Amino acid sequence: MIRAITTQKLEVFYMENIIDNEKVNLVAELIKESKHTVVLTGAGVSTGSGIADFRTPGTGIWEKVDPFKVTSITAFKENPQRFYHFYLPRIEMLTRVFPNTAHEAIARLEEMGYAKYLITQNIDNLHRRAGSKKIIEVHGTLREAVCRRCEKIIASELLIEKIEKSEEKIPYCECGGVFKPNVVLFGEMLPDLDGAIYQSMRADLMLIIGSSLQVSPVNILPQYCLDRGGKLIIVNFMSTHLDYLAEVAVKEDVCDFLPAVIEVLRRK
Ligand code: ZN
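Here is what the cut-offs are and how they apply
Residues numbered from 1 in each chain as written. Predicted model: local features only at pLDDT ≥ 70, side-chain atom pairs only at ≥ 80, totals over all residues. Heavy atoms only, no water. Helix = DSSP H or I, 4+ residues; strand = E, 2+ residues; numbered from the N terminus. Donors = N, O, S within 2.8 Å, 3.2 Å for Na, K, Ca; no water. Tetrahedral: all angles 85-135°; square planar, octahedral: opposite > 155°, others 65-115°. 1 Å grid on protein atoms, 1.4 Å probe; cavity = no way out; pocket = protein on both sides within 12 Å on 5 of 7 lines; lining within 4 Å. Points joined across faces, edges and corners; volume = space filled by probe spheres on them. Nonpolar A, V, L, I, M, F, W, Y, C, P; charged D, E, K, R; others polar. Salt bridge = Lys/Arg side-chain N within 4 Å of Asp/Glu carboxyl O. Buried < 20%, exposed > 50% of the residue type's maximum accessible area, 1.4 Å probe, protein only.

### Details of unusual backbone geometry
Positive phi, close to 65°, is recorded for Lys169, a residue that is not glycine. Here Leu213, not a glycine, exhibits a phi torsion of approximately 55°, which is positive. With respect to the element layout, Leu213 can be found in the loop between strand S7 (205–209) and helix H10 (221–227).

### A few points about the coordination of the zinc ion
Distances from the zinc ion to its protein donors, Cys147 (SG), Cys150 (SG), Cys173 (SG) and Cys175 (SG), fall at 2.3 to 2.4 Å. Its four donor atoms give the zinc ion angles of 100 to 116° at the centre, a pattern that matches the tetrahedral case. Here the donor residues for the zinc ion map to a single chain with the spacing C-x2-C-x22-C-x1-C. In this pair, Cys150 sits in the loop between strand S4 (140–147) and strand S5 (153–155) while Cys175 sits in the loop between helix H8 (156–165) and strand S6 (179–183), placing the two residues 25 residues apart along the sequence.

### Focus on the layout of surface pockets
There is about 470 Å³ of room inside the largest pocket. Around the largest pocket, the lining comprises 21 residues; the ones closest to its centre are Ala43, Gly44, Gly210, Ser212 and Asn236. Partitioned by chemical class, the residues of the lining of the largest pocket number nine nonpolar, nine polar and three charged. Taken as a whole, the second largest pocket encloses approximately 250 Å³ of empty space. For the second largest pocket, the lining is made up of 15 residues, of which Val146, Lys180, Asn182, Val183 and Glu188 are closest to its centre. Top element by residues in the lining of the second largest pocket is S4. It accounts for five residues. For the lining of the second largest pocket, the per-class residue count stands at six nonpolar, three polar and six charged.

### Let's talk about the pattern of salt bridges
Within the structure shown, the criterion is met by eight salt bridges. Glu111 is the partner of Arg108 in a salt bridge, and the nearest nitrogen-oxygen pair spans 3.2 Å. Note that Arg108 and Glu111 are positioned in helix H6 (residues 101–111) at a spacing of three residues, about one turn of the helix. By relative accessible area, Arg108 is classed as buried at 15%.

Rendered as structure tokens:
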């Protein structure tokens with residue numbers, strides 16, 4: 001379940017110097033001054049929930065397969081059975097994970113009126129489950145599936161049921177079409193890139209969380225913010241190519257750092 005954010009816990013962090021107090025205050029200050037903060041998140045937000053970046057070959061369930069080959073749109077059309085053989089465990093896994101304190105902190109930023117929009121490349125639905133509402137999911141979501149023929153949308157729970165009940169292990173729609181997870185597969189267009197670009201252009205502050213800014217389109221969006229005079233804050237374990245342009249670049253655990261920022265904003 002979601003770890004509670006307690007003042008006591010924060011004091012422990014400060015005492016042990018786990019969190020850079022100065023950076024916490026600076027980030028909180030920048031958020032407070034901003035008129036249109038947009039949050040941009042990547043896989044690093046969900047690692048604290050136990051989700052590995054499944055697009056990275058050589059990790060977890062993809063160890064023996066090339067995800068580009070089995071989960072591309074071409075592979076789906078050619079052999080939906082094989083596609084679901086690899087994809088179903090991923091969908092089922094999401095029923096066993098929970099939002100973490102980073103997801104929760106990001107949802108609080110929206111609730112408190114600071115974050116105007118959230119752009120995420122994560123398809124795990126954890127932002128929504130944590131309470132974020134204004135979300136652009138640039139890679140789609142595993143929360144639901146869409147019929148390739150009539151575009152009917154069903155929840156992923158029903159998708160799982162359909163696959164399990166089907167002899168061929170293929171989820172068919174009443175119209176005869178096949179349901180596809182409502183995510184962007186390799187080889188497909190991004191559904192809401194325009195919306196993400198628009199919000200990036202409007203942002204006077206972009207808070208980039210848990211992304212190494214290597215995957216398109218999250219790697220291009222900060223530039224739209226910078227071009228219009230916006231500022232960047234980057235919270236990520238690894239360095240990114242934009243760290244030198246950021247007001248603050250923080251290399252801490254997002255699950256600890258973001259709740260600390262929320263706590264400071266609450267006190268102000
Ligand atoms: Zn259909």
